[in-house]
Amino acid sequence: MDFTEINTRGLVLLGCGKMGSALLEGWLKGGIDAGAVYVLDPNPSDWVKAQGVHINEDLPDDPAIALLAVKPQMMGDALPSMAALGNGTTLFLSIAAGTSIARFEEALGGQTPIVRSMPNTPAAVGRGITAIIGNTHATAADLDLAEGLLKAVGQVVRLETEAQIDAVTGVSGSGPAYVFHLIETMAAAGEAQGLAPELAMQLAKATVAGAGALAEAAEESPAQLRVNVTSPNGTTAAALNVLMDEEKGFPKLLGDAVKAATERGRELGK
């Protein structure tokens, strides 16, 4: 990715918490100059202060991109400081859940190029996946720029409509928490069957991480991988009889969970 334009015009990062910091770390490694980055954050971490970026200083007049990374509930207070850059050639890229493109257009101006995205927390270890969607003023070059920046922390997918972002939130945005809970409950179940707590946790973490890596690397589908490890009437089959129960197992549980997250996303966006 060629970051010449960003290094010339500058990049503004509004909010630099965990996600903003993960992205910033990826960009600095990827070739964005620290001197081209302007961070606005009331409580910058010691790590951010040590990176050589501008912190809470006057912004460039026409930065290439402004990344909105504050928590959704802070967005109302934070956006007015950005309004001067609206309706121009600065691309606004939002990684805030629940704030719609329409709301950004209201605050920044209707001619502003905006890309809305939904990243997830494995971005912190370079294993994130982020979905993006642009407004009518976001050009193909704007989308390429947004994708290039977000690829610093993992994979990027493009959506067809903004409405799909709530389902993405339900699957990948909130999804890491479901997996953390799976690890937690697997470890507790191992303990209940007589394993020491540390051993049960080590087995659960390595199993989930390893199975995820295998699912990504393998040519077969997850369904086929599941079939491959399930001997008829064996131990795995006994467990899957419980987990695959249509009424009480994963199909029902995860279906309900993703639906609840998606609907909550829609509510927050209103």
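Just so it is clear, the model here is predicted, and its values are computed rather than measured.

*Asks:* Any chance you could explain the UniProt feature "domain: Pyrroline-5-carboxylate reductase catalytic N-terminal" (unreviewed entry) in the protein chain here in plain terms?
*Replies:* The residues that UniProt annotates with the feature "domain: Pyrroline-5-carboxylate reductase catalytic N-terminal" (unreviewed entry) are residues 12–97. Between the first and last C-alpha atoms of residues 12–97 the distance is 19 Å; the span itself is 24% helix and 20% strand.

*Asks:* Can you help me understand helix H7 (residues 165–173) in this one?
*Replies:* Note that an α-helix has 3.6 residues per turn; residues three or four places apart therefore point the same way. By the criterion of burial, H7 is predominantly enclosed, with seven of the nine residues buried. If you check which residues of H7 are buried, you get Ile165, Asp166, Val168, Thr169, Gly170, Ser172 and Gly173. On its buried face, H7 sits against strand S6 (114–118), strand S7 (128–134), helix H8 (175–192) and helix H12 (250–269).

*Asks:* Whenever I open this one, the side chain of Arg116 confuses me. Can you help?
*Replies:* Structurally, the position occupied by Arg116 is in strand S6. Polar contacts involving the side chain of Arg116 include one to the side chain of Glu162, which spans 2.9 Å. Beyond its immediate stretch of four places on either side in the chain, Arg116 contacts Ser94, Gly98, Thr99, Ser100, Ile101, Ala131, Ile132, Ile133, Glu162 and Ile165.

*Asks:* Mind showing me how you'd approach the UniProt feature "binding site: NADP(+)" (unreviewed entry) in the protein chain here?
*Replies:* Sites flagged by UniProt as "binding site: NADP(+)" (unreviewed entry) map to Leu14, Gly15, Cys16, Gly17, Lys18, Met19, Ala69, Val70, Lys71 and Pro72. Their sequence span is 59 residues, while the largest C-alpha to C-alpha distance among them is just 14.3 Å; these annotated residues converge on one region. Excluding anything up to four places from it in sequence, Met19 contacts Ile95, Pro119, Asn120, Thr121 and Ala123. Mapped onto the elements, Pro72 comes out in the loop between strand S4 (65–68) and helix H4 (75–78). Look past the residues within four positions of Pro72 in its chain and what remains in contact with it is Ala97 and Thr99.

*Asks:* Honestly, H12 in this entry has me stumped. Any pointers?
*Replies:* Taking 1.5 Å per residue as the helical rise, H12 with its 20 residues ought to reach 28 Å, and the 28 Å between its terminal C-alpha atoms agrees with that figure. Of the positions making up H12, those classed as buried are Ala261, Thr262 and Gly265. Axial view of H12: buried residues confined to an arc of 95 degrees, hence all on one face. Counted as exposed and oriented over 90 degrees from the buried face of H12: Leu253 and Lys259. Buried residues belonging to H12 abut H7 and H8.

*Asks:* Looking at this structure, I do not really get the packing of H7 against H8. What am I missing?
*Replies:* Any two packed helices are characterised by the angle at which their axes cross and by the distance between the axes. Running from amino to carboxyl end, H7 crosses H8 at an angle of 30 degrees, the nearest separation of the two axes being 5 Å. In terms of orientation, H7 and H8 fall into the roughly parallel class. Every residue of H8 that contacts H7 at Thr169, Gly170, Val171, Ser172 and Gly173 is listed here: Gly175, Pro176 and Tyr178. Here the residues of the contact of H7 with H8 are counted per class, giving three nonpolar, five polar and no charged.

*Asks:* Just checking my understanding: could you explain a nonpolar patch on the surface for this structure?
*Replies:* There is a patch of nonpolar side chains on the surface, built from Leu243, Met244, Phe250, Leu253 and Leu254 and spanning about 430 Å² of accessible area. For the nonpolar patch, the element with the highest residue contribution is H12, accounting for three residues. By the secondary structure assignment, Leu243 is in helix H11 (residues 235–243). Under the relative-accessibility criterion, Leu243 is labelled partly exposed at 34%.

*Asks:* Got a minute to help me understand the side chain of Asp41 in this structure?
*Replies:* Looking at where Asp41 falls in the secondary structure, it is placed in the loop between strand S2 (37–40) and helix H3 (46–49). Despite its burial, Asp41 remains without a salt bridge, the nearest opposite charge being carried by Lys71 at 9.0 Å. Excluding anything up to four places from it in sequence, Asp41 contacts Gly15, Cys16, Gly17 and Asn56.

*Asks:* Quick question: what am I supposed to make of the pattern of salt bridges here?
*Replies:* A side chain with one charge may pair with a side chain of the opposite charge, provided their charged atoms come close. Per the stated rule, a full pass over the model turns up eleven salt bridges. Glu5 serves as the salt-bridge partner of Arg9, at 2.4 Å between the closest nitrogen and oxygen. Note that Arg9 and Glu5 are positioned in helix H1 (residues 4–9) at a spacing of four residues, about one turn of the helix. When the shortest N-O distance is used, the salt bridge between Asp144 and Arg158 registers 2.7 Å.

*Asks:* I'm lost on the nonpolar core in this one. Help?
*Replies:* Side chains of a nonpolar character, in soluble globular proteins, are inclined to be buried together. Ranked by size, the top nonpolar core spans 32 residues in total, and within it Ile6, Leu11, Leu13, Trp27 and Leu149 carry the most contacts. Elements with a contribution of two residues or more to this core: strand S1 (11–14), helix H2 (18–30), S2, S4, strand S5 (91–94) and helix H6 (140–150). The element that contributes the greatest number of residues to this core is H6, accounting for five residues. Those residues in contact with Ile6 that lie beyond four places of it in its chain are Leu11, Ile32, Ala36, Ala64, Ile65, Leu145 and Leu149. Judged by nonpolar contacts, the second largest core, of 24 residues, contains Phe92, Ile101, Ala131 and Ile133.

The rules we used
Residues numbered from 1 in each chain as written. Predicted model: local features only at pLDDT ≥ 70, side-chain atom pairs only at ≥ 80, totals over all residues. Heavy atoms only, no water. UniProt positions renumbered as here; feature names shortened; annotations may be inferred. Helix = DSSP H or I, 4+ residues; strand = E, 2+ residues; numbered from the N terminus. Buried < 20%, exposed > 50% of the residue type's maximum accessible area, 1.4 Å probe, protein only. Contact = heavy atoms within 4.5 Å. Polar contact = N/O pair within 3.5 Å; in protein donor to acceptor, adjacent residues only side chain to side chain. Expected span 1.5 Å × (residues − 1). Arc of directions from axis to C-beta. Axes fitted to C-alpha atoms, helices over the stretch in contact; angles between N-to-C directions. Parallel < 35°, antiparallel > 145°, perpendicular 65-115°, else oblique. Nonpolar A, V, L, I, M, F, W, Y, C, P; charged D, E, K, R; others polar. Patch = residues over 30% accessible without salt bridge, like charges linked within 9 Å, V, L, I, M, F, W, Y side chains within 5 Å. Areas by Shrake-Rupley, 256 points an atom, 1.4 Å probe, with all protein chains shown as cover. Salt bridge = Lys/Arg side-chain N within 4 Å of Asp/Glu carboxyl O. Lys, Arg positive; Asp, Glu negative; His and termini not counted. Core = buried A, V, L, I, M, F, W, Y, C linked by side-chain atoms within 4.5 Å.

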